[in-house]
Amino acid sequence: ADALDLEDAVGSCPLPGMLAQVWTRGLTRGEPTRAPGDRVDWIKAQGRAKSMRGFKNEHGKSLLIHAPLKDLGRAGTGIELFFRTLRWLFIVLVIATCLGCVSLAANLEYNKHVNTPIVVTTIGPCCKTSPSELRAQSIPWFITFLLFLLFLYWLRYKQRQVAHSVDRRYITTGDYSVEVRNIPLLANESALYQFFEQYGRVSQVQIGFRCSGYVRLFERWKKHDVELAETRVGLALLAEQGHALDSARAATRAAKIDTLQNEMIDLESEMARLQAVELISSGAAFVIFETEAGRRACLKAHHLSAWTRFLEMIGWTTKHARFGDSVDLSVVPAPEPSDVFWENLEVGPHEVRKRSLYTLLVAMGMIGTSLVLLLLLTRSKDSQIALLKRTGATLAASTYTRGVSLVAAVVVTAVNSFLRIAINQLTVLERHDTKSDYEESYFIKLSLAYVLNQSLLILIVSPNPSTWFVEGGVYAQAFYIILANAIVPELFKVVRLDTIFKRYVMGTFVKSQAKLEELWQPPEASLGEFYAGLLKTVTLGLLYAPAMPVVWFITTSTIIIKYWSTKYALLRVCRQPPTLDEGLSEVFRELLSFVLLGSVIIEAVVLDSRLDEESRSKEHIVLPIAAGIMWLIYKIVPLQRLGCLRNYVDNRSNDTGGKVFSSLPGLARYRCPISQPVPSLATIHSNSFGTVEAAPGGVPSSLETIAVQMPSAVATPSGPMPERTPSLFGSAYEGNSGRWQITSDTSVSPAQYPQPAYELPVQPQQSPPRAPPMLLAVTCPENVGPGAQLIVQGPSGQMVTVTVPSTVFPGMIFHVSV
C-alpha cells in the first residue's frame, strides 16, 4: 500500500480493511481480482484524480499544505479572503477567551453548590441577589462586543486590500474583459467588434447565445458515452470468456450498444440542428481587449453617474456611447471564463429574483418542519421528566435529561445535513449566470438554515429564560450542539464518505476505464458552504458564550480545526474551485453584523432574568443598551463611503504592466457551448504523432475548446473536408497495443459546423476567408500542466502549436479547433 501511495490517493482517509487488502493484493502480487481481459487501470485513475485535485503552482506542482495564503489567490479573491478571515477571527476569539476566563472563574466560585457539570460553568445559578456582580459579568461581554464591531470594519478594509493585492499578483482574462448587457437579440459579433474598437484593439467578442437546450443534450451525450464504453468492455469480457451460458447476456449487451449508439447519433443530429438555425442572443456578450487600457477606456465611457441617469430619466439628452445610436449598453467588469454559466445567461435578473424568492420560501418551510420536530421532542422530554420526578426517580430523571440533550444535538445535526443537500438543489433551480452569484445565494440560504435550526430553535421552543440554565435546558443542549459542530462537519469535510464509496465500492464493479475515472473524479468544493459553516460557528459562540464562557474555548478550537481541515480539503481532496471574487466575504460580513445584534438581545434577556424581583433594576442592562446604540450607529453612518472602505473595482488600475492579451499563453477565452463543434461518435482517420494520444472515441471532457496558434511557415488547410466514414463501433483502437490515435473530427459536414467565437486581426478586411473548422482531440501528456505548448500534427499533415487550457490536467482530453 505504501508503494502504491494508496493513502495519498484518498486524501489520507482510512480504507475499509477488506477492500484495501483485496485491491492491494491484486495489484502488488498480480492476483486477478476481476475477470481475465479487464482493461481498467486503477493506478491511471488514481493518477488522473491526483492531477485534478488541489491547487497547482506556476510549474504545475501541487501546493503544500503549509503553502502561504497568497498562493491560494490563484483561485480568485474569495479563497484567500476566507482563510485570512479565519486568521483574524482566531485573534479576536483568543482575546474573547481571555476575557471569558474572568466570567468563568466568577461562575465557578458562585456555583460551588451546583453538581451539574455544564450548568456549573454558566451565569445562571449565581447573581440572584447581587446587581453589582451582574454588572461585573457584563463588562467582559461588552469588550468582546466592541472587538467584533471593530472586526467588521477591519474585514471591510481588508476585503479591498486583498482584492487589490490578488489583482496585482495574477494576470487573468478578467483583467482585459468586460461584460456587455442589453444587446439586441439579433446582434452579431462583427457589429459589436466594430463598436468596441473605438476604445482599443479587440481580441475577441463572444455573444452568449441561448444554449440551455444544447447543454442538456451535451450532458446526456456524455453520460451515454460513458455507458457505451462500459457496455462495450462488458461485451468484450463475455467474448473472451466464451461461455455458452453467456450468449443471452452478450446479445442483450450488443442490443444495448446499438441502442446507445443510435441515441447518441440522434443527440448529435439535434445538437447540429440547434446550431444550424439562427442563433438568438441571450442579451449578454463578453469582449476581450488586447490591452488593459482599452478595457479601462470602455468602462469609463459606459459608466453613468447618478446625475446623468437622473437627466436621462426626465428626458434630457446626454452624450454617451450608444450601440447603433439607440441602444444603451450596460458594460461592467466581466467575470472569469470559468465563472460563467452559459446556459443561464438567457434567464433575466427579474426571473432569477423570483426563483430565489420561491426557493427561500421552500427552505423556510423545511426549517419550520425541523422546528416542529424539535418542539415535539422538547415537550416529550418535559412531560417524561415531570413524571419521573413525581415518582421520586431523581437519578433517572437526570440521566434521561442528558440523553435527550444528546438526542436533540444529533437530530439538529442530521437535519442540517439534509438541509444542505436540499438547499443546494434548490439554488441550482434559480439559474444564476455566474458561479459567484450561485455561491452567494447558496451561502445566504444555508446560513439562515444553520443559524435558525442550530442556534435559535432551542431558544424558540423554550421561550422562558428561567428554564435555560437547568439540567437539560437550553444551554445544556447548546453545549452538545457546539461540541458536535466542532468535530462532525470538519471530519466529513476531510473524509468524504461518498467519494470513498464511489471509488472503492462502486469502482470494484465497473468494467471500463472511462467509468472508473468518472468515479475517481475529486469532489467539488463549495466556498459558500465553507462560509456558512464559519458563520454557524461564530453564531454559536456569540449567542451562548457570554452566559457560558467555556464555549469560547470550544469556538476558538473549532476555528483552528476549521482552518486546517478546509485547507487540507481544498489542496488534497477536492478539485480547484472556479475563480470567485470577494462577494461572499461581503455577504458574510453583513450577516455577521446581524448575528452581533442577536448577541446583544440575548445578553440583555439573560441579564434581566437573573435577578430576583426585589433586586431587579435597569442598571444591569446599561451596557447592552449602549451596545445596541453602537450597532445602530454602525449600520446608519455610511463609513463605507471612505476611500479605504469602498468596494474594490478594477477599472482604474494597470496591474498587467502593459502586456498584450494575445501574447500571454494559457489565458482562457470565452466560449459559448453552442458555438463549438458538435461531438461525434464516428470514426476519424489521422496519423498519430509523437506521444500525444486521444481517448477512445475522442470524447471531449468539457464543452470548452481552445484556439490554435498556427506557425507562419505552415499553410492553413483548405479545400473540401473528407466525407464521413461509417463504422460499426466508431473507435480508433489499434489492436492490442492499447494506444489511441489523435483524431480529427470530420463527422459533420462543413455546412453544419458553426463558426467559432468571432476573432479578428488588426485589419479585419484584409484577413483571408476562414476554412471550415476541424476538431483535434488531444490527451494532455504526463508532466505537462496548464499553459504548456504542445506541437501536434494537424489533419492535413501540418504542424500546429497547441496551448494546454487552464482547466486541463495530465491525462485529460481537450479539443482544439483548426
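Residues numbered from 1 in each chain as written. Predicted model: local features only at pLDDT ≥ 70, side-chain atom pairs only at ≥ 80, totals over all residues. Heavy atoms only, no water.

### A word on the overall build of the protein chain
- Each helix and strand in the protein chain was counted, giving 20 helices and eleven strands.
- For the protein chain, the proportion of its 818 residues judged to be buried stands at 52%.
- Of the roughly 37,100 Å² of accessible surface on the protein chain, a fraction of 61% belongs to carbon and sulfur atoms. (Helix = DSSP H or I, 4+ residues; strand = E, 2+ residues; numbered from the N terminus. Buried < 20%, exposed > 50% of the residue type's maximum accessible area, 1.4 Å probe, protein only. Areas by Shrake-Rupley, 256 points an atom, 1.4 Å probe, with all protein chains shown as cover.)

### Looking at the nonpolar core
- In this structure, F83, F148, Y475, Y544, F588 and L592 are the most contacted members of the largest nonpolar core, which totals 111 residues.
- Setting aside its immediate chain neighbours within four residues, L592 contacts F151, L152, L535, V538 and L542.
- Listed in part, the 50 residues of the second largest apolar core include F209, L228, Y670 and C672. (Core = buried A, V, L, I, M, F, W, Y, C linked by side-chain atoms within 4.5 Å. Contact = heavy atoms within 4.5 Å.)

### Observations regarding the sheet that holds strand β1 (residues 177-181)
- Pairing within the open sheet is antiparallel, and its four strands lie in the order β2-β3-β1-β4. In this open sheet, the two edge strands, each paired with only one partner strand, are β2 (202-209) and β4 (330-333). Geometrically, the sheet is characterised by an average inter-axis angle of 25 degrees between neighbouring strands, direction not taken into account.
- Those strands touched by helix α6 (residues 189-196) are β1, β2, β3 (281-289) and β4, and its axis lies near 135 degrees from that of β2.
- Relative to the sheet, helix α9 (residues 292-301) contacts β1, β3 and β4, its axis offset from that of β4 by approximately 135 degrees. (Pairing = 2+ DSSP bridges. Axes fitted to C-alpha atoms, helices over the stretch in contact; angles between N-to-C directions.)

### Brief notes about the side chain of S585
- Among the secondary structure elements, S585 is positioned in helix α19 (residues 583-610).
- Residue classification places S585 among the buried residues on the basis of a relative accessible area of 2%.
- Setting aside anything within four residues of it in sequence, one finds S585 in contact with L81, T85, L155, Q159 and Y531.

### Focus on the packing of helix α17 (residues 527-544) against helix α18 (residues 550-573)
- At a closest axis distance of 9 Å, the pairing of α17 and α18 adopts a crossing angle of 175 degrees. Taken together, the axes of α17 and α18 lie roughly antiparallel to each other. When α17 is examined against α18, the residues F530, G533, L534, T537, L540, G541, L542 and Y544 are found in contact with a partner set consisting of V551, W552, T555, T558, I559, K562, T566 and L570.
- By residue class, the composition of the contact of α17 with α18 is nine nonpolar, six polar and one charged. (Parallel < 35°, antiparallel > 145°, perpendicular 65-115°, else oblique. Nonpolar A, V, L, I, M, F, W, Y, C, P; charged D, E, K, R; others polar.)

### What to know about unusual backbone geometry
- With a phi close to 70 degrees, N182 is a non-glycine residue in the positive phi region.
- Along the chain, N182 turns up in the loop between β1 and α6.
- Overall, the relative accessible area of 48% leaves N182 in the partly exposed class.

### A closer look at the side chain of T359
- Structurally, T359 can be placed in helix α11 (residues 349-390).
- Overall, the relative accessible area of 6% leaves T359 in the buried class.
- At a separation of 2.4 Å, a polar atom in the side chain of T359 contacts the side chain of E430.
- With sequence-adjacent residues up to four places away left out, T359 is seen in contact with L426, E430 and K445. (Polar contact = N/O pair within 3.5 Å; in protein donor to acceptor, adjacent residues only side chain to side chain.)

### Concerning the packing of aromatic side chains
- Evaluation of the coordinates by the stated rule reveals 27 aromatic pairs.
- When the ring of F83 is compared with that of Y563, the centres are 5.6 Å apart and the planes differ by 90 degrees; the resulting orientation is edge-to-face. Of this pair, F83 sits in helix α4 (residues 77-110) while Y563 is found in helix α18, placing the two residues 480 residues apart along the sequence. Side by side, F83 and Y563 carry an identical accessibility label, which is buried.
- Taking 6.2 Å as the distance between ring centres and 50 degrees as the angle between the ring planes, the aromatic pair formed by F196 and Y199 counts as tilted. Here F196 and Y199 have matching classes, each one buried.
- By the ring-pair criterion, three or more aromatic residues cluster together here, those being F82, F83, F443, F530, Y531, Y563, W564 and F588.
- In this arrangement the basic side chain of K536 is found over the ring face of Y450, its NZ or CZ atom lying 4.3 Å from the centre. (Phe/Tyr/Trp six-rings, centres within 6.5 Å; stacked < 30°, edge-to-face > 60°. Lys NZ or Arg CZ within 6 Å of the ring centre and 35° of its normal.)

### Some points on the pattern of salt bridges
- Inspection of the entire model under this criterion finds 21 salt bridges.
- Note that E346 and R431 form a salt bridge whose closest N and O atoms lie 3.8 Å from each other. Of the two residues, E346 is situated in the loop between β4 and α11 and R431 in the loop between α12 (394-429) and α13 (435-460); the sequence distance between them amounts to 85 residues.
- The exposure class assigned to E346 is partly exposed, which follows from its relative accessible area of 25%.
- For R431, a relative accessible area of 19% puts it in the buried group. (Salt bridge = Lys/Arg side-chain N within 4 Å of Asp/Glu carboxyl O.)

On their own, these measurements won't tell you what the molecule is for.
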